[in-house]
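Geometric and topological summary
If you want the building blocks of each chain, they are given just below.
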Amino acid sequence: MKKLNGKVVDEEELEELEEEKEKVVETYSNGVGVSFGFPQPDQNLVVGYALTVKKETSFLKPNFRGLARTKGIKFVCIDVNRPLSDQGPFDVVLHKLLAKEWCEIIEDYRHKHPEVTVLDPPDAIQHLRNRKSMLQGVVDLNLSDCHGKVGVPRQIVVTKDPSSIPYEVTKAGLKLPLVAKPLLVDGTAKSHKLFVAYDQLSLAELEPPLVLQEFVNHGGIVFKVYIVGESITVVKRFSLPNHGKRDLSKVAGMYPVPRVSSYLSSAEDADLDPSIAEHPPRPLLEKLATELRRRLGLRLFNIDMIREHGTRDVFYVIDINYFPGYGKMPDYERVFTEFLLSLVQSKYKESTFLKSSF
Ligand SMILES: O=P(O)(O)O[C@@H]1[C@@H](OP(=O)(O)O)[C@H](OP(=O)(O)O)[C@H](O)[C@H](OP(=O)(O)O)[C@H]1OP(=O)(O)O
Ligand SMILES: Nc1ncnc2c1ncn2[C@@H]1O[C@H](COP(=O)(O)OP(=O)(O)O)[C@@H](O)[C@H]1O
Ligand SMILES: [Mg+2]
Ligand SMILES: [Mg+2]
């Protein structure tokens, strides 16, 4: 008789359990061999990916592929024209494709292959495709008293009749200027065409469906908070400058928002006023990330956050993106490699936990 996980077992039982354990480990590594605990450098974790060419180029850069390879991670391009189940086997599937058919394919695959980690579930991603539902999780959070406050700017959704917009804005009591954002985020350039509207009348020129959000002065800096599983990385990017009260009386019309925040030059090295440039407090980000991971059911996303000008600790989330441009995140190669390896380890732990609770 021997003891295993606190239980007394005889030799035969022990042998059976060891055999079971081998099988489980094999399943999780597709038989290519994760020995107990950790994938070994000469063994494979197969990551199937379905990404646009643009994304593949910006994310699966040679440095990343190289580092991952040394840790036994192999990336395999999924052929979207062939049945997914005929390809692989995969340990992980990474995807960011927008076609509706793809969502159905990947959903079906998840059900048929629960042993594969699909990053992330399509219905959870869907949540971020609409600028109203995207921020709902933050609204519900009511994060205050956690080294700062996090909210979302006041906003309304307009789905029809642009001529009614000035009335809707007045009814909702929104203050000008407003940022007009296409309601749906579908990966097209159009869904990133934003405008700042300085007067009520020009609002009627906008094309619904859209979100009208109060402009929050934030000193021209946006914090991009990148989440990769448990890891959080913050970078500063340039954003829109503050508007003054005088602008409001002088400026009319609608101005397109330049995509300054996606420029490669980060604001990290710029000589900025510390009260604007200081990163949001770590405990606040940890709480926010933990809650959003859970509420959104996503492991790969980023949050655009701004600090209300003149405050130290009042923040607004203005945007959440699924599987954003990680290629621009410092050290993403290492962070991602560790994340992918951790997925196998946690599956292994899960399986041994399940076994030990029998
Ligand atoms: O192209 P990149 O690298 O700038 O990444 C885009 C993101 O930029 P960011 O990482 O925040 O600087 C970008 O973030 P923003 O919306 O610009 O804040 C989006 O996530 C975009 O995806 P989609 O068009 O919304 O599906 C992302 O585009 P895809 O790479 O997913 O096509
Ligand atoms: N409510 C707001 N107040 C001030 N600036 C904003 C606001 N919303 C967006 N912006 C500016 O517009 C940029 C793009 O807006 P965002 O909501 O992130 O759309 P996208 O999904 O296209 O990135 C932000 O990075 C920021 O510079
Ligand atoms: Mg954004
Ligand atoms: Mg976005």
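Residues numbered from 1 in each chain as written. Chains lettered and ligands numbered in written order. Predicted model: local features only at pLDDT ≥ 70, side-chain atom pairs only at ≥ 80, totals over all residues. Heavy atoms only, no water.

An unreviewed UniProt entry lists the chain under the name Inositol-tetrakisphosphate 1-kinase, with Quercus rubra as the source organism. The heading Sequence similarities (unreviewed entry) in the UniProt record of the chain holds the text "Belongs to the ITPK1 family." Per UniProt, the chain has the following entry under Function (unreviewed entry): "Kinase that can phosphorylate various inositol polyphosphate such as Ins(3,4,5,6)P4 or Ins(1,3,4)P3." (UniProt positions renumbered as here; feature names shortened; annotations may be inferred.)

Looking now at the sheet that holds strand β12 (residues 221-228). Spatial ordering of the open sheet is given by β7-β16-β15-β12-β13, a layout of five strands whose pairing is mixed. Looking at which strands have only one partner, the edges of the open sheet turn out to be β7 (149-151) and β13 (231-238). Each strand axis lies, on average, 30 degrees off the axis of its neighbour in the sheet, ignoring direction. Bridge count between β7 and strand β16 (residues 314-322): three bridges; the pairing is parallel. Looking at the pairing, Lys 149 lines up with Val 314 of β16. Running over the sheet, helix α6 (residues 133-141) touches β7 and β16 and is turned about 140 degrees from β16. (Pairing = 2+ DSSP bridges. Helix = DSSP H or I, 4+ residues; strand = E, 2+ residues; numbered from the N terminus. Axes fitted to C-alpha atoms, helices over the stretch in contact; angles between N-to-C directions. Contact = heavy atoms within 4.5 Å.)

Let us now look at empty space enclosed by the protein. For the structure on display, the rule yields two cavities of 30 Å³ or more. In this structure, the second largest cavity occupies an estimated 30 Å³ of space. If you go around the second largest cavity, the residues you meet are His 95, Leu 97, Cys 103, Pro 122, Ile 125, Gln 126 and Arg 129. By residue number, the principal contributor to the lining of the second largest cavity is helix α5 (residues 122-126), which donates three residues. For the lining of the second largest cavity, the class distribution of residues is four nonpolar, two polar and one charged. (1 Å grid on protein atoms, 1.4 Å probe; cavity = no way out; pocket = protein on both sides within 12 Å on 5 of 7 lines; lining within 4 Å. Points joined across faces, edges and corners; volume = space filled by probe spheres on them. Nonpolar A, V, L, I, M, F, W, Y, C, P; charged D, E, K, R; others polar.)

Turning to the site of ligand 2, a few remarks are in order. As a matter of local geometry, ligand 2 sits amid 18 residues, with Lys 181, His 192, Gln 213, Ser 239 and Asp 319 nearest to it. Within the contact set of ligand 2, an oxygen atom lies 2.6 Å away from a side-chain nitrogen or oxygen of Lys 181. Contact with the protein chains removes 96% of the 540 Å² of surface that ligand 2 exposes when unbound. Structurally, ligand 2 is housed in the largest pocket. (Near = heavy atom within 4 Å. Polar contact = N/O pair within 3.5 Å; in protein donor to acceptor, adjacent residues only side chain to side chain. Areas by Shrake-Rupley, 256 points an atom, 1.4 Å probe, with all protein chains shown as cover. Sits in = over half its atoms within 2 Å of the grid points.)

A full pass over the atoms with the stated rule returns 16 salt bridges. Across the salt bridge formed by Arg 110 and Glu 107, the nearest N and O atoms sit 3.2 Å from each other. Of this pair, Arg 110 and Glu 107 both sit in helix α4 (residues 100-112), three residues apart, which is roughly one turn of that helix. We classify Arg 110 as partly exposed; its relative accessible area is 28%. Here Glu 107 falls in the partly exposed class, since its relative accessible area comes to 22%. Arg 154 is the partner of Glu 214 in a salt bridge, and the nearest nitrogen-oxygen pair spans 3.0 Å. With Glu 214 in strand β11 (residues 210-214) and Arg 154 in the loop between β7 and β8 (155-158), this pair connects stretches of sequence that are 60 residues apart. Note on Glu 214: relative accessible area 13%, which makes it buried. For Arg 154, a relative accessible area of 41% corresponds to the partly exposed category. (Salt bridge = Lys/Arg side-chain N within 4 Å of Asp/Glu carboxyl O. Buried < 20%, exposed > 50% of the residue type's maximum accessible area, 1.4 Å probe, protein only.)

Right, let's talk about the coordination of the magnesium ion (ligand 4) for a bit. Around the magnesium ion (ligand 4), the protein contributes the donor atoms Asp 319 (OD), Asp 319 (OD) and Asn 321 (OD1), which lie 2.1 to 2.8 Å from the metal centre. Separating the magnesium ion (ligand 4) from the magnesium ion (ligand 3) is a distance of 3.6 Å, and Asp 319 supplies a donor atom to each of them. We note that Asp 319, like Asn 321, is buried. (Donors = N, O, S within 2.8 Å, 3.2 Å for Na, K, Ca; no water.)

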